[in-house]
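# Understanding the architecture of this molecule
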Amino acid sequence: MSAECSSYLNADKVLVSGFSCPQMSGDARAVYCCGFQDVKYCCDDPHSFFPYEHSYMWWLSVGALVGLSIAAVVLFAFIITVCVLCYLFISTKPHNKLDTGLSLQMAGKTSC
């Protein structure tokens, strides 16, 4: 089984001639033509989209997880701070003085 990768223009606008998969110098299992319009390569998985090793993608995922973890810690600290401040505000209000607001008077009555 083999596949033909057609010629293409790479990112530098240089014409790369077409080739057959598997290539003589490559892996014999790489029988599929994979890639995009500006980069093509032989691979062993027809659903492969990137010519990178899985470890490269893993480091991208680790970086994203570290960033999300830091954001989660900052959000958690903010929520805890707001809760503590609300508790301190409520607990430090004097409980013995109740402010009833303005005194209401009946209509038609005058106070002297």
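The present account deals with the structure reproduced in this document. Keep in mind that this is a model prediction, so the values were computed, not measured.

Thresholds applied
- Residues numbered from 1 in each chain as written.
- Predicted model: local features only at pLDDT ≥ 70, side-chain atom pairs only at ≥ 80, totals over all residues.
- Heavy atoms only, no water.
- Disulfide = S-S within 2.5 Å.
- Helix = DSSP H or I, 4+ residues; strand = E, 2+ residues; numbered from the N terminus.
- Buried < 20%, exposed > 50% of the residue type's maximum accessible area, 1.4 Å probe, protein only.
- Contact = heavy atoms within 4.5 Å.
- Polar contact = N/O pair within 3.5 Å; in protein donor to acceptor, adjacent residues only side chain to side chain.
- Patch = residues over 30% accessible without salt bridge, like charges linked within 9 Å, V, L, I, M, F, W, Y side chains within 5 Å.
- Areas by Shrake-Rupley, 256 points an atom, 1.4 Å probe, with all protein chains shown as cover.
- Salt bridge = Lys/Arg side-chain N within 4 Å of Asp/Glu carboxyl O.
- Lys, Arg positive; Asp, Glu negative; His and termini not counted.
- Core = buried A, V, L, I, M, F, W, Y, C linked by side-chain atoms within 4.5 Å.

### A word on the state of the cysteines
As enumerated under the stated definition, the model contains three disulfides in all. Two residues, C21 and C42, share a disulfide whose sulfurs are 2.0 Å apart. Judged by the sign of its S-S torsion, about -85°, the bond between C21 and C42 is left-handed. Residue C21 is located in strand 4 (residues 19-21), and its partner C42 is located in strand 6 (residues 40-43); the two are separated by 21 residues in the primary sequence. Residue class for C21 comes out buried when judged on its relative accessible area of 1%. Take the cysteines of the protein that form disulfides and number them in order along the sequence; they join up as 1-3, 2-5, 4-6. Unpaired in terms of disulfides, C83 finds its nearest cysteine sulfur in C86, a separation of 6.7 Å. Classification of C83 as partly exposed rests on a relative accessible area of 47%.

### A few points about the environment of S6
Mapping S6 onto the fold places it in the loop between strand 1 (3-5) and strand 2 (8-9). Excluding residues that lie within four positions of it along the chain, S6 makes contacts with G18 and K40. A distance of 2.8 Å separates a polar atom in the side chain of S6 from a polar atom in the side chain of K40.

### Observations concerning a nonpolar patch on the surface
Taken together, the side chains of F76, I80, V84, L85, Y87 and L88 make up a nonpolar region of the molecular surface, amounting to roughly 640 Å² of accessible area. Among the secondary structure elements, F76 is positioned in helix 1 (residues 54-91).

### Some remarks on the side chain of K40
Looking at where K40 falls in the secondary structure, it is placed in strand 6. Among buried Asp, Glu, Lys and Arg side chains, K40 stands out as unpaired, with D38 the closest opposite charge at 9.3 Å.

### Focus: the nonpolar core
Counting residues in each nonpolar core, the largest one holds seven residues, listed as A3, C5, Y8, F19, C21, A30 and C42. Those elements that place two or more of their residues in this core are strand 1 and strand 4. Here C5 is in contact with G18, F19, C21, C33, K40 and Y41, once residues within four sequence places are set aside.

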